[in-house]
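Single-letter residue listing:
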Amino acid sequence: MVARTQTSAAGALALLTEPEPALQEHAIRALVPLVPQFWAEISEQIPLIETLYESTQLSKEARNAAALLASKVYYFLGEYDEALSFALGAGSAFQDETRAPGSQEYSETVISKAIDRYIEVRSSEPSSSKVKMDPRLQAIIEGILNRCIEEGEHKQAFGIALEAHRLDLVLHIFNLNKDVSLLSYAMDAVFDNTSVSLSYRDEVLNFLLPLFPPLEAKAPHVHSVTRLLVTLSDVKLTVPLLSQLVPKETLLAYQLAFDLAEGGSQDFLESIRTELPAGDENTKEAFDKIREILTGQLSVKHFVEFLKMNNKVDMLILKNTKDALDPRSSVYHQALTFQNAFMHAGTTSDLFLHENLEWLAMASNWAKFTATAALGVIHKGHFEEGMNILGPYLPADTPAPNNSNIQGVQYSEGGSLYALGLVNAGCGSGMDVEGYLREKLRGANDEVVQHGAALGLGVAGMGGRNEQSYEDLKTVLYNDSAVSGEAAGYAMGLIMLGSGDERVAEEMLTYAQDTQHEKIIRGLAVGLALVYYGRQEQAEETITSLLAEKDPILRYGGVYTLALAYAGTANNGAVRKLLHVAVSDTSDDVRRAAVTSLAFLLFKNPAQVPRVVQLLSESYNPHVRCGATLALGIACAGTGLQDAVDILEPLTKDSVEFVRQGAFIALGMVLVQQSETSSPSLTSTRELLAKTVAAKREDVMARFGAAIGQGFIDAGGRNVTISLQSRAGSRNTNAIVGMVLFCQFWYWYPLAHCACLAFEPTAIIGLNSDLKAPKFDFISNAKPSLFAYPPPTKPPTKEAVGKVATAVLSTTAKTKAREKTKEKKAVAEQNGDAKMETKKEAKVDVEMKIDDASAAPATEPSGAISPMVELSETAANGKTASSEGKSTERKRSRRKDEPAFEKLSNFSRVTPQQLSYITFPEESRYQPVRPVSTRAVAPRGKGKSSNGKASHASGAGFSATAERYGGGGGILLLIDQQPREKVDLMEFPRLQLAEPVTAEPIAVDGPQSTASGPHIALDENAPEASVPGSFEVSSFLLLFILLQIHDRDI
């Protein structure tokens, strides 16, 4: 018998009105499973169902069932809050419903709402009071947590407990299995949760730190502890940890110090150096080394050696740019200056400069300032010789009498002071260079020299919070000079970076509101943003005040204050504010800045940025489109993300020149350190940039952007990437600040040099216990082509001009043929062989021919090809086809023959995406004291090839791994497993320096002996120069003389 389908719930609903409680209970139980089908019909009786839930005549089980019935009806009506309220009243009936078939969607929705309600109540109420919490809600949540623990879903329970501010539950769950990965997961959850306040974040991190096991060699949680210490920046936590490591785990203490020096602020590192104990006879040397490491200069020195050793700059690209751009244009001259500076950043190679002194001497005024400052980018990190390199340009202690009459000398002096700051960027706080720059700032009378000294002081003392430096800069600011005041505004923010000092903020804002100079207002507005770097909700009052200002420049500063205060947090509220400003503000500059600032919030998840700015990149407003290009470039820098490239490529053809400029710059950032294998767009992008630079009819701004893009894509000799995140996973403060200042090139070109602060060398540098670099090899379990350097640019080949074949008319050919035929007939008649000659006559070709038989195949018309020519062409085509086939086969065989892994030596380039493929062989003498990468290492088999997944990785896989920085790499302390054997150390070329050059040429009357070695500024790897004649002048001295002669002529 076929079961009849129920078409209505009217029968069961009628029983609800019966006076007998037993019938009502039966009706309620019958209606519960009918809700998904007849909820609309049942909803008409919802008041009656609620009455039955509150009735005292029904049993408890029946009332629970009535509550469940009402909850399900409200769920289907979309009233989730009401559904949750009645589900809480259902008690055991709701628990049974969660296990019933077909009710999974309902139960999951209600449970989700319950968790949200619980988190909301727990987050809003004081920790000491629990009056607001519904005990029924508490019971449900504890039931959910218990079930998660029973089923082994500890991460889910951890997440709920963290969001609900239940640190007691976090401790309880961790004590169940002591899984350290849960602590790392909790850290990531706190960092990635956009709704977590700064105070609660610090509370959680302080709670988690003691739960980590004691640090030891090769412990997997070293990265997490480092990130935690850098984020908290608490000296009271860091110093005891380092002190505990020194006796037993000295290598690990060194490693921790290197990692802290990379991510920590200057004032935090200085406090650690001050608080570290002096140590006894056994530990004094170790503590002294830790202090040296914490200055940050030791790390930079090793990275400079790496950049010098592996410099792969393609000089032909620079030559082509120089030939294409007119040096008489100040914009073009600075474009090439930036391109050369970025491509040689940190390599200490000035080869291009001393090969093109005539071009360099054409710089005048601010172009000369920029050109001189570029030396600081090229020699960034060359601390010991910074003063010697820039000696010819630095202002003298007592000004020479001749200098006052030389036009433009102040631009060289100001640029050299700025360059000195760039050489010591982020490492000059508390050092001699900071005092030197302060002295020059106080003693300078010219506003250009003050401008350079202020910028140099700000960059060198970044984050040092030196009150004396701040007061000196404030004195310059109060002179109310537009040129020097702007630089002072930026520098004051740099010195007080991240301090959140209300006194400083009030002084800067008050002066910005009083002055009439737009340049000063802009410098102070951006400086104010730097003061509130990383302060999150502490900056809210200032952000609200700035965004409400009538002056668009101050609103511009408010946008950057919002971006820097919440940098790297992806805070939903901050993102919403920026998007609102981007579409509603009346100033185009403010709208552009708002879109660009999205990058500083979202850089930890670069794959998210293309989706956010997709619509903005199609805006009618060109400034919004320009901001979208920079947002993509900064957030997706070094990832090669194809989604970002797909948005940027159409913008390179935009009708507005500055949008094209931004697209070219952004493409260079996104594709930095990518290979042709990992990023299919690399080759076409390089060709596009070169074509744009060479196109004389292209707009000046677009060509400027293309030149900068070329500098970014090959930055640091192709050995650096651009990353706003440190290797440990924390914010890279120098990089974030550098990119914020780079974005100001829109108003002031010299600030573009600050982009070098975001350049992160990508290397594995191994050091032993003496902090020396031994020779050793490690394995990269990927095909070499996947992470290979791009091939050098090939110079254009000159084609030889061949002799043009002479064409012969067909009528002339016919006439000649007839004459030949008559002659042959006459001869044949004489010889009695006329028959044979008549047959040959029929074969005479009377069509158009070529006199030069050798050129016939190349110039023969397609419609008049003789059989012999056709045969020869067929043979040639066959040969060509076969040769092409052979070349294709050779390429395929080459791919097949390519090894699945490669050996790399110490101080080798290892890109962030490559880190997960790096392993140290077990039989190797040296092993790293901490894991190379935070990601899982790709295994390699014992045979000749790697694991298939590792070795056959393709560019498509990087879109996933690019979402987070791989972590690890950099400087690794090594455990020597054979300490008794002799150590084979790496050798670095050391130059014997010449005497410091002076600004004035010295007359020479006869043959003079040259210095014992070349100047430090020269390229160490360049070929030796020929033996000089009577005397040799330093390239920097010659450049200085040329610049002065050029200015005097002007």
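Keep in mind that this is a model prediction, so the values were computed, not measured.

What counts and how
Residues numbered from 1 in each chain as written. Predicted model: local features only at pLDDT ≥ 70, side-chain atom pairs only at ≥ 80, totals over all residues. Heavy atoms only, no water. Buried < 20%, exposed > 50% of the residue type's maximum accessible area, 1.4 Å probe, protein only. Helix = DSSP H or I, 4+ residues; strand = E, 2+ residues; numbered from the N terminus. Arc of directions from axis to C-beta. Pairing = 2+ DSSP bridges. pLDDT = per-residue confidence, 0-100. Contact = heavy atoms within 4.5 Å. Disulfide = S-S within 2.5 Å. Phe/Tyr/Trp six-rings, centres within 6.5 Å; stacked < 30°, edge-to-face > 60°. Lys NZ or Arg CZ within 6 Å of the ring centre and 35° of its normal. Polar contact = N/O pair within 3.5 Å; in protein donor to acceptor, adjacent residues only side chain to side chain.

### Observations regarding helix 39 (residues 642-651)
Residues spaced three or four apart along an α-helix face the same direction, because each turn holds 3.6 residues.
Line of reasoning, step 1. Three or more residues of helix 39 are buried, namely A644, V645, I647, L648 and L651. Projected down its long axis, helix 39 carries its buried residues within an arc of 165°, all on one side.

### Some details on the sheet that holds strand 9 (residues 918-919)
Line of reasoning, step 1. Reading across the sheet, the 3 strands line up as 7-4-9 and stay open at both edges, with antiparallel pairing between neighbours. Where the open sheet ends on each side, the last strands, each with one partner, are strand 7 (902-905) and strand 9.
Line of reasoning, step 2. Relative to strand 7, strand 4 (residues 777-780) runs antiparallel, the two sharing 4 bridges. Within strand 7, the residue paired with I779 across the bridge is K903.

### Some thoughts on the confidence of the model for the chain
Line of reasoning, step 1. Considering every residue of the chain, the mean pLDDT works out to 83; 81% of them sit at 70 or more.
Line of reasoning, step 2. Below a pLDDT of 50 lies the segment residues 833-884, which in the model reaches 32 contacts outside its immediate sequence neighbourhood of four places, other chains included.

### Digging into the state of the cysteines
Line of reasoning, step 1. Inspection of the entire model under this criterion finds 0 disulfides.
Line of reasoning, step 2. Looking at the unpaired C626, the closest cysteine sulfur is the one in C743, lying at 9.4 Å.
Line of reasoning, step 3. Classification of C626 by relative accessible area gives buried; the value is 2%.
Line of reasoning, step 4. Just so you know, C754 is unpaired, no disulfide at all, and the nearest cysteine sulfur is the one on C756, 6.8 Å from it.
Line of reasoning, step 5. For C754, a relative accessible area of 1% gives the class buried.

### So, the pairing of strand 11 (residues 970-976)
Remark: a regular strand shows side chains that alternate across the two faces of the sheet.
Line of reasoning, step 1. The buried fraction of strand 11 amounts to 5 of the 7 residues, a majority that puts the element mostly inside the structure.
Line of reasoning, step 2. The pairing of strand 3 (residues 763-767) with strand 11 spans 4 bridges and is parallel. Directly across from G766, in strand 11, lies its bridge partner L972.
Line of reasoning, step 3. In this structure, strand 10 (residues 926-928) lies alongside strand 11, joined through 3 bridges in antiparallel fashion. Among the inter-strand pairings, Y926 is bridged to a residue of strand 11, identified as D976.

### Describing the packing of aromatic side chains
Line of reasoning, step 1. Considering all chains together, one arrives at 31 aromatic pairs under this definition.
Line of reasoning, step 2. Relative to Y106, the ring of Y75 lies with its centre 5.4 Å away and its plane at 75°, an arrangement referred to as edge-to-face. Note that Y75 is positioned in helix 5 (residues 60-77) and Y106 in helix 8 (residues 104-124), a separation of 31 residues in sequence. Per residue, the accessibility class of Y75 equals that of Y106, and both read buried.
Line of reasoning, step 3. Taking the centre distance of 6.3 Å and the plane angle of 20° together, the rings of F338 and F342 count as stacked. With F338 and F342 both in helix 21 (residues 330-343) and 4 residues apart, the pair spans about one turn of that helix.
Line of reasoning, step 4. Using a relative accessible area of 0% as the deciding quantity, one classes F338 as buried.
Line of reasoning, step 5. The aromatic ring of Y533 is capped on one face by R731, whose charged end is 5.1 Å from the ring centroid.

### Quick notes on the side chain of E97
Line of reasoning, step 1. Relative to the helices and strands, E97 resides in helix 7 (residues 92-99).
Line of reasoning, step 2. Assessed through its relative accessible area of 10%, E97 is described here as buried.
Line of reasoning, step 3. Reaching out from E97, the side chain makes a polar contact with the side chain of K72 at a distance of 3.0 Å.
Line of reasoning, step 4. Leaving out residues up to four positions away in the same chain, E97 has contacts with V32, L68, K72, S103 and Y106.

### Quick word on unusual backbone geometry
Line of reasoning, step 1. A positive phi angle, close to 55°, is found at K178, a residue other than glycine.
Line of reasoning, step 2. For K178, the location among the structural elements is in the loop between helix 11 (167-177) and helix 12 (180-192).
Line of reasoning, step 3. For F907, which is not glycine, the phi torsion reads 65° and is therefore positive.
Line of reasoning, step 4. Classification of F907 as buried rests on a relative accessible area of 1%.

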